[in-house]
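These are the residues of each chain, in order.
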Amino acid sequence: FLKIGSNVIHYRIKAYPNNKGGLSEIHFGLAELIDKMWQKRYFWQVTGVQITSALNFSLGIIAILAWFLWPKNTEYGYFGAAALLWAGHCMHYTMTEIPMAAVYWEILSATALIWVGVMIFMFALRFYNQRFPLAERLVWGFAVATPFLLWAAGELQLTIAASLCYLALLLIGVFVVKVLFDGARRERSVGASLLLVGCFMIVGL
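Residues numbered from 1 in each chain as written. Predicted model: local features only at pLDDT ≥ 70, side-chain atom pairs only at ≥ 80, totals over all residues. Heavy atoms only, no water.

Enquirer: Can you break down the side chain of serine 53 residue by residue, with the values?
Expert: With respect to the element layout, serine 53 can be found in helix H1 (residues 31–69). Apart from the residues lying within four places of it in its own chain, the contact partners of serine 53 are Ala87 and Cys90. (Helix = DSSP H or I, 4+ residues; strand = E, 2+ residues; numbered from the N terminus. Contact = heavy atoms within 4.5 Å.)

The structure is reproduced here in structure tokens:
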């Protein structure tokens, strides 16, 4: 449908208010080639996320069941909760129709990510039988306050408020890396080293 000279393309985007709606790079070409490009992008942005979310959900259920079987091992419960929350947070990237107002969906998604960090924080401490009462109270208080802080920011300032919360989450992640680093240095085992590497990659990403 393109003609020699100037062409005008009309497009329509459906996006929720203040939700960074936009259009990515446009490609023109043979349908077969364009379809292959789209299939590849769709796999990495949608299907791949759905697969990892399903794996996280399954892993979370297994960890929660392990916690019920061995209630003294609370690290299983924290790990399971982190996996389930992460699976829920990833729905944010694959859903096209959300079941509530966009601002509340954004608050819910951001809060879930904060709680993932808190669960991993508690998992790391309990995994190595560490206790930091003041730090734990501060982290729990931050997690509980997060949705209220985001709600108070309002729709127009929500992105800025969420970014500040993520900055605090990054600091929690650095603390977790330190706890796991100290534990790996003491134990000098393959499992402890892999746990440290995995957490370091998550914080880096």
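Here the narrative resumes.
Enquirer: Explain the pattern of salt bridges residue by residue, including any values.
Expert: Taken as a whole, this structure holds 3 salt bridges when the rule is applied. Among the ionic pairs, arginine 126 bridges to glutamate 136, the shortest N-O distance being 2.8 Å. Taken together, the positions of arginine 126 in helix H3 (residues 102–127) and glutamate 136 in helix H4 (residues 133–187) put the pair 10 residues apart, joining distant regions of the chain. Like glutamate 136, arginine 126 is buried. Salt-bridge contacts for lysine 178 lead to aspartate 182; the nearest nitrogen and oxygen are separated by 2.9 Å. Of this pair, lysine 178 and aspartate 182 both sit in helix H4, 4 residues apart, roughly one helical turn. (Salt bridge = Lys/Arg side-chain N within 4 Å of Asp/Glu carboxyl O. Buried < 20%, exposed > 50% of the residue type's maximum accessible area, 1.4 Å probe, protein only.)

Enquirer: An account of the environment of glycine 141 is needed here, citing residue identities and associated values.
Expert: Residue position: glycine 141 is located in helix H4. Here glycine 141 falls in the partly exposed class, since its relative accessible area comes to 37%.

Enquirer: Describe the nonpolar core, with residues and values.
Expert: Phe121, Leu150, Ile172, Val176 and Leu180 are the most contacted members of the largest nonpolar core, which totals 33 residues. Per element, the largest residue contribution to this core is 15 residues, and it comes from H4. Apart from the residues within four sequence positions on either side, valine 176 is in contact with Ile120, Phe121, Ala124 and Cys199. (Core = buried A, V, L, I, M, F, W, Y, C linked by side-chain atoms within 4.5 Å.)

Enquirer: Account for unusual backbone geometry, with residues named and values stated.
Expert: Located in the positive-phi region is asparagine 129, a residue other than glycine, with phi close to 55°. Positionally, asparagine 129 belongs in the loop between H3 and H4. Judged by its relative accessible area of 71%, asparagine 129 is exposed.

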